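# Residue-level structural notes
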Amino acid sequence: MVLKAETPALPKAELHVHIEGAAPPALVKRLAERHGLDIDGLLDGQGRYVWSDFTGFLNAYDRAARVFRAPEDYADLAETYLLSIAAEGAIYAELTISPDHAAGAGLSYRDYVAGLAEGIARARKAVGIEARMIAIGVRHFGARAVEQVVTQVLAAPHPLVTGFGLAGDEREGHPANFARAFRMAGDAGLGLTAHAGEFCGPESITATLDFLRVGRIGHGVRALEDREVVARIVEDGIALEICPASNVALGVCSNLRFHPVNHLRRAGCRVTLNSDDPPFFATSLGAEYESCARTFGWKSGDLIEMTRNAVKAAFCDETTRARLMGRITGFVSANAGT
Ligand code: ADE
Ligand code: ZN
C-alpha cells in the first residue's frame, strides 16, 4: 500500500485532545461577544491565541474556556471539532474534558457533559465518527480538587465518560497526592491516563505508573532519558499519547526532527499521534500524521499502526473497538496493492 501520507481517508484516531484547547479562536471571539465577556489580549491581530511559555499557555487556555457558558456552547464546540477531524479521516476521538473549567464558567458537571454529548451525537449522526470523554483533574488545583472531579463523575455516570485523567502543570504535585482519586476512578471501571514526562523527567513517569496505575501516559516523551523507563513502558504495554506539535510549540523538543517519537516507536513502545490543543499549536490530527510521515519517512502502513495502537488502547467497549478495527482493516484491504 503506497498511499500518500496525507490521504484524507487514511483512518485516524485521537486519544489526547483537550476540548477547551480545541476551541477555534473565531468561535471563542463569537461566544465572548454573545455573552458580553472581555477577551482583550487573548488573540492577536491575526486571530491567533497569544501565549509565550507553558504557564502563559495554561492562562490563555483558562481564559478561552471561560467563554463557554451554556451546554449549547459545548455542543457546538464538540460537534465542530469532531467534524473537522472526521474530514481528515478520523474515525474515533477521546475528548479530554475539564469539569473545573466548566464550573469556572458557571456550568454544572451534568450540563457540561450533556452539552458535549449532544455535540458528539450530532457529529456521529452526520459523519459516523465515534467519540468518548475523559474527565480530568487539574493537578495544580490540588489533590482535593482532583478528588472532587472523580466524585462528580461517579455521582452522575454517563455512558460516554469512560476515562479519568490528570492534566495541568506537571511541575506541581507529586503523583502520590492523586493516588486516592485514581483508585476511586479505577475501581469504578474508568480507563486511566495522566500527563507525565512532558515537563518533568522519567522519574515523573515512574511515579505516575507506581502511584496512579494508568494504562496510558499523556506525552511520556521524556521516557527516552532513561532506558529502564522505556523498557517498563514496553513491557507493561503502556500506550503513549504523543503530541508532537505541542511538544515543539511548548519547547519540550527543539524541532520535530529531534522529537523522540521515532525512537520510542523503534524501542517497541505503543505510540499514538495526537494534537493536544490544536489551534494553540497550529496543528490538527491530520497535520500530526502528515508531518511525522514527512519527517520520519513513515509510510501509510506505519500510520495505520498508530491508529491501531490508539484503538487498542481506547477507553471504549469491546463492540465499539471491534467495529473500529473493522473499519481500519476494511480500509487496508480496499487499498492493498494501490
Ligand atoms: N492542559 C492542556 N494542555 C496541556 C498540556 N499540554 N499539558 C498539561 N496540561 C494541559
Ligand atoms: Zn494534554
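Structure's up top.
Residues numbered from 1 in each chain as written. Chains lettered and ligands numbered in written order. Predicted model: local features only at pLDDT ≥ 70, side-chain atom pairs only at ≥ 80, totals over all residues. Heavy atoms only, no water.

Now for the packing of aromatic side chains. The tally for this structure, following the rule as stated, stands at 13 aromatic pairs. A ring pair is formed by Phe-164 and Phe-182, whose centres lie 5.0 Å apart and whose planes are at 65 degrees; its orientation type is edge-to-face. Of this pair, Phe-164 sits in strand β4 (residues 161-167) while Phe-182 sits in helix α7 (residues 179-187); the two residues are 18 residues apart in sequence, bridging distant segments of the chain. The residues Phe-164 and Phe-182 share a single accessibility class, namely buried. Three or more aromatic residues joined by ring pairs make a cluster, and in this case those are Tyr-49, Trp-51, Phe-54, Phe-57, Tyr-61, Phe-199, Phe-280 and Phe-281. Over the ring of Tyr-289 we find Lys-12, and its NZ or CZ is 5.6 Å from the ring centre. Over the ring of Phe-315 we find Arg-216; its NZ or CZ atom is 3.8 Å from the centre of that ring. (Phe/Tyr/Trp six-rings, centres within 6.5 Å; stacked < 30°, edge-to-face > 60°. Helix = DSSP H or I, 4+ residues; strand = E, 2+ residues; numbered from the N terminus. Buried < 20%, exposed > 50% of the residue type's maximum accessible area, 1.4 Å probe, protein only. Lys NZ or Arg CZ within 6 Å of the ring centre and 35° of its normal.)

A sheet is described by the order of its strands in space; here 8 strands give the open sequence β1-β2-β3-β4-β5-β6-β7-β8, paired in parallel fashion. Each of the sheet's edge strands pairs with one partner strand only, and the pair in question is β1 (12-18) and β8 (270-273). This sheet shows a mean twist of 25 degrees between the axes of neighbouring strands, independent of strand direction. (Pairing = 2+ DSSP bridges. Axes fitted to C-alpha atoms, helices over the stretch in contact; angles between N-to-C directions.)

Taken together, the residues surrounding ligand 1 are His-18, Phe-54, Phe-57, Tyr-61, Ala-167, Gly-168, His-195, Glu-198, His-219, Asp-276 and Asp-277. Within the side chain of Glu-198, one N or O atom sits 2.8 Å away from a nitrogen atom of ligand 1. In the environment of ligand 1, a nitrogen atom lies 2.8 Å from a nitrogen or oxygen atom belonging to the side chain of Asp-277. Considered on its own, ligand 1 offers 260 Å² of accessible surface; in the complex 97% of this is hidden by protein. Most atoms of ligand 1, that is more than half of them, are within 2 Å of grid points of the largest cavity. Among the elements that line the shell around ligand 1, the one with the most residues is helix α2 (residues 54-65), at 3 residues. Taken together, the residues of the shell around ligand 1 break down into 4 nonpolar, 4 polar and 3 charged. (Near = heavy atom within 4 Å. Polar contact = N/O pair within 3.5 Å; in protein donor to acceptor, adjacent residues only side chain to side chain. Areas by Shrake-Rupley, 256 points an atom, 1.4 Å probe, with all protein chains shown as cover. 1 Å grid on protein atoms, 1.4 Å probe; cavity = no way out; pocket = protein on both sides within 12 Å on 5 of 7 lines; lining within 4 Å. Sits in = over half its atoms within 2 Å of the grid points. Nonpolar A, V, L, I, M, F, W, Y, C, P; charged D, E, K, R; others polar.)

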